[in-house]
Each structure stands twice: as C-alpha cells, then as structure tokens.
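Coordinate analysis (summary)
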Amino acid sequence: MMETGHEEQMVSLPRIGDPAPEFKAVTTQGDINFPTDYRGSWVILFSHPADFTPVCTSEFMTFAHMEDKFHKANCKLVGLSVDGLYSHIAWLRTIKEKIEYKGMKDIEVTFPLIEDITMNVAKKYGMIQPNEDTTKAVRAVFFIDPAGIIRAMVYYPLSLGRNFDELYRALIAMQTADEFGVATPADWRPGDDVIIGPAGSCGTAKERMEDSDIDCKDWFFCTKKLDKDLVLSKVLKK
Ligand code: BEZ
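Along each chain, the written sequence defines residue order, and numbers are assigned to residues from 1. The predicted nature of this model means local features are confined to residues of pLDDT at least 70 and side-chain atom pairs, given and counted, to a pLDDT of 80 or more, with totals for whole chains, interfaces and linings taken over all residues. Side-chain measures were taken over the full set of non-hydrogen atoms in the model, leaving aside hydrogen atoms and water.

**Notes on the site of the ligand**
Heads up, the condition is: Residues are labelled near a given molecule or strand when at least one of their non-hydrogen atoms is within 4 Å of it. Polar contact criterion, stated in full: a pair of N or O atoms within 3.5 Å, where within protein one must be able to donate a hydrogen and the other to accept it, and residues adjacent in sequence count only if both atoms are side-chain atoms. Using the Shrake-Rupley algorithm and a 1.4 Å probe, accessible areas are obtained, with residue cover drawn only from the displayed protein chains. Throughout this entry, Asp, Glu, Lys and Arg are counted as charged residues, while Ala, Val, Leu, Ile, Met, Phe, Trp, Tyr, Cys and Pro are counted as nonpolar. The remaining residues, Gly among them, count as polar.
Residues in contact with the ligand, as listed here, are P49, T53, P54, V55, C56, R139 and L158. Contacts to the ligand include V55, whose backbone N or O atom sits 2.7 Å from an oxygen atom. Between the ligand and the protein, one listed contact pairs an oxygen atom with a backbone N or O atom of C56 at 2.8 Å. In isolation the ligand exposes 260 Å². Once the protein is present, 78% of that is buried. A breakdown of the residues in the shell around the ligand according to their chemical character gives 5 nonpolar, 1 polar and 1 charged.

So this is what it looks like as structure tokens:
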C-alpha cells in the first residue's frame, strides 16, 4: 500500500450489520449514552465538518425542517462535529436568529448535536478520513435500527451537501423491507411495486411465473404491488 503520512490516524470503518459502536457524549440536548438511549427507535447519526460553515448550515436547516417527518417514521436524529459545545450552541442560536435560506427561517435545531473535540466518536465511526481532512469529520450518515444495528451508511466529502429527501426515502425503504419481507428497486417510493426475493428452487420459480399477482420479467426478477397506504400505515405508526 502506498504510504500517505496519515496511517496513524487510520480507523476501521464500522460495517453494515455491525452493532453501532457505543459511546457516551455531551450534546446540545444534554448527555447521551449511545445507542442504549435510542433502543426501540431508528436513529440517523450524522457528522458534519464544522460549525459556522455554509454547506453545514444549509444541511442543518434542511434536516431540522424535516425532523417531524423523521419522528413520524420512528427515527431520531443525532448530529456530530469535532467542535465544542459552546461553538455548537452559538451556531444553532445564529441559525435560529439570523439565517434565512430557501424559505426556511426561525429554524430551531432541537435534535442533539454532539461535541467531539477529542474525536473519540468520529474515529469510532470512521468519520475522520485523513486524505480528505485530518481535522474535520466528513459528511457521514449512519442508519441504526431499533436493535442498535448499523443498517446503512453514506459518506460524502466536505464540499457536497447531502440530499435529505433521499435519506428519508432510504429510511422508509428499509422499514418497508423489514415489515413486508421484500426488497425495493431503484428509485422506489411508497406505492411503487416491490421486489420479491429470488426463488430458491425450480418449483418456486415456476409458481411465480404462473402467479397472476406477481409480475415476473424473468424467473429471477419478480415484482408485486404493495399498497401505498398499507406501507405508510405500517411504517409511520410504529
Ligand atoms: C461547509 O460546510 O460549507 C464546508 C465545511 C468544510 C469544508 C468545506 C465546506
């Protein structure tokens, strides 16, 4: 492997299916014990590079504006940067008092924002990626399920603001997959057809090809209808 000079800062990334690494932290909403305090809820744990920066400000306003939608899907939000608590408080106050962006104003960020000056949490979650920046977290997103298992991860570089509609879509798609035992195709949204798992035998493949409720493009690629209201009533009510 080519040496980059940042080897000592390398941290292993958590993986999909792993238990979420545990930590205790100070946040803008008080101390938290993660993920224990969040058992029974989905959590989106996300990092941003720095307080008082424009891309991060646009992201926090957008996420805070959508927080109620995430709550209705049994999902809590937890932010993190390697700034200190007083910087976080001052930044969130500035956002509320002064910043107007894309029709959003008076935005109060009520979800916890972790102070991580020691980078303890950021390193556990592979949020410091030294070839991008040695002193700032990248834009990482972890979806953690009600049992404390990492279900999905997204990493973006410092310059790229995230798409929060896509984070919401991914959350609802994973909940739908769990609830109905299906998979979701490209760009799926509630109301679209879902994918049924691959046939495990020749008999099942044949049955599916003959089932009028199932639409098979071929024996290995079968979809079925899943009512939008049924999806929303299941995932938005838990
Ligand atoms: C921003 O949020 O605007 C930003 C933060 C760090 C590096 C580049 C952009």
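**Side note on the packing of helix α1 (residues 54-72) against helix α2 (residues 85-98)**
To keep things clear, this is the line we draw: Interaxial angles span 0 to 180 degrees and are taken between N-to-C directions of axes, which are lines fitted to C-alpha atoms, for helices over the stretch in contact. Helix numbering and strand numbering both begin at the N terminus, where a helix is a DSSP run of H or I of at least 4 residues and a strand a DSSP run of E of at least 2. In this scheme, roughly parallel covers angles under 35 degrees and roughly antiparallel covers those over 145, while 65 to 115 is roughly perpendicular and the rest are oblique. In this scheme, a crossing is called left-handed if the near helix is turned counterclockwise away from the far one by less than a right angle; it is called right-handed if the turn is clockwise. Every residue pair with non-hydrogen atoms within 4.5 Å of one another is taken to be in contact.
Where α1 meets α2, the axes come as close as 11 Å, and the angle between the chain directions of the two elements is 70 degrees. Between α1 and α2, the crossing angle belongs to the class labelled roughly perpendicular. Handedness of the crossing formed by α1 with α2: right-handed. For the pair α1 and α2, contact is made by C56, T57, F60 and M61 and by W91, L92 and I95, respectively. Per-class residue counts for the contact of α1 with α2 are 6 nonpolar, 1 polar and no charged.

**Describing the pairing of strand β10 (residues 221-224)**
To keep it simple, the criterion reads: DSSP calls a pair of strands paired once it identifies at least 2 bridges connecting them.
Bridging between strand β8 (residues 194-196) and β10 involves 3 bridges; their strand directions are antiparallel. Each residue of the ladder has a partner; that of V194, found in β10, is K224. Relative to β10, strand β9 (residues 214-218) runs antiparallel, the two sharing 4 bridges. Paired with D218 across the strands is F221, a residue of β10.

**Structural notes on the domain arrangement of the protein chain**
Inclusion rule: A domain assignment, automatic or from a database, supplies the domain bounds used here.
According to the domain assignment, the protein chain contains domain 1 (2-162) and domain 2 (181-235). Placing a centre on the C-alpha atoms of domain 1 and another on those of domain 2 gives a separation of 35 Å.

**Digging into a nonpolar patch on the surface**
Note the threshold: What goes into a patch is any residue over 30% in relative accessible area without a salt bridge, connected to like charges within 9 Å or, for nonpolar side chains (Val, Leu, Ile, Met, Phe, Trp, Tyr), within 5 Å. Take a side-chain nitrogen of Lys or Arg and a carboxyl oxygen of Asp or Glu: if they are within 4 Å of each other, that pair is a salt bridge.
Among the surface-exposed residues, M209, W219, F220 and F221 lie close enough to one another that they form a single nonpolar patch of about 440 Å² accessible area. Mapped onto the elements of the fold, W219 is located in the loop between β9 and β10.

**Brief notes about the state of the cysteines**
Quick note on the threshold: Criterion for a disulfide: a pair of cysteine sulfur atoms at a distance within 2.5 Å. The buried label goes to any residue with under 20% of its type's maximum accessible area, the exposed label to any with over 50%, and the partly exposed label to all in between, with areas taken from a 1.4 Å probe on protein chains only.
According to the stated counting rule, one finds 1 disulfide in the structure shown. Distance from the sulfur of C56, which forms no disulfide, to the nearest cysteine sulfur (C75) is 20 Å. On the basis of relative accessibility, which here comes to 1%, the residue C75 falls in the buried class.

**Overview of unusual backbone geometry**
A cis geometry characterises the amide bond from F34 onward to P35, with omega recorded as 0 degrees. Tracing the chain through its elements places P35 in the loop between β2 (30-34) and β3 (42-47). In this structure, K102 takes a positive phi of about 50 degrees despite not being glycine.

**Overview of the sheet that holds β10**
Sheet architecture is open: 3 strands sit in the order β8-β10-β9, paired in antiparallel fashion. At either margin of the open sheet sits one strand with a lone partner, and together these are β8 and β9. Strand after strand, the sheet turns through a mean of 35 degrees between neighbouring axes, direction not considered. Against the sheet, helix α5 (residues 202-210) makes contact with β8, β9 and β10, and its axis sits at roughly 115 degrees relative to β9, the strand it touches most.

**Description of the environment of T28**
With respect to the helices and strands, the residue T28 is situated in the loop between β1 (23-27) and β2. Spatially, the C-alpha atom of T28 lies 17 Å from that of N120, the residues being 92 residues apart in sequence. Residues within four places of T28 in sequence aside, it is in contact with L85, H88, I89, L92, F111, P112 and L113. Among the polar contacts listed, one links the side chain of T28 to the backbone nitrogen of L113, at a separation of 2.9 Å.

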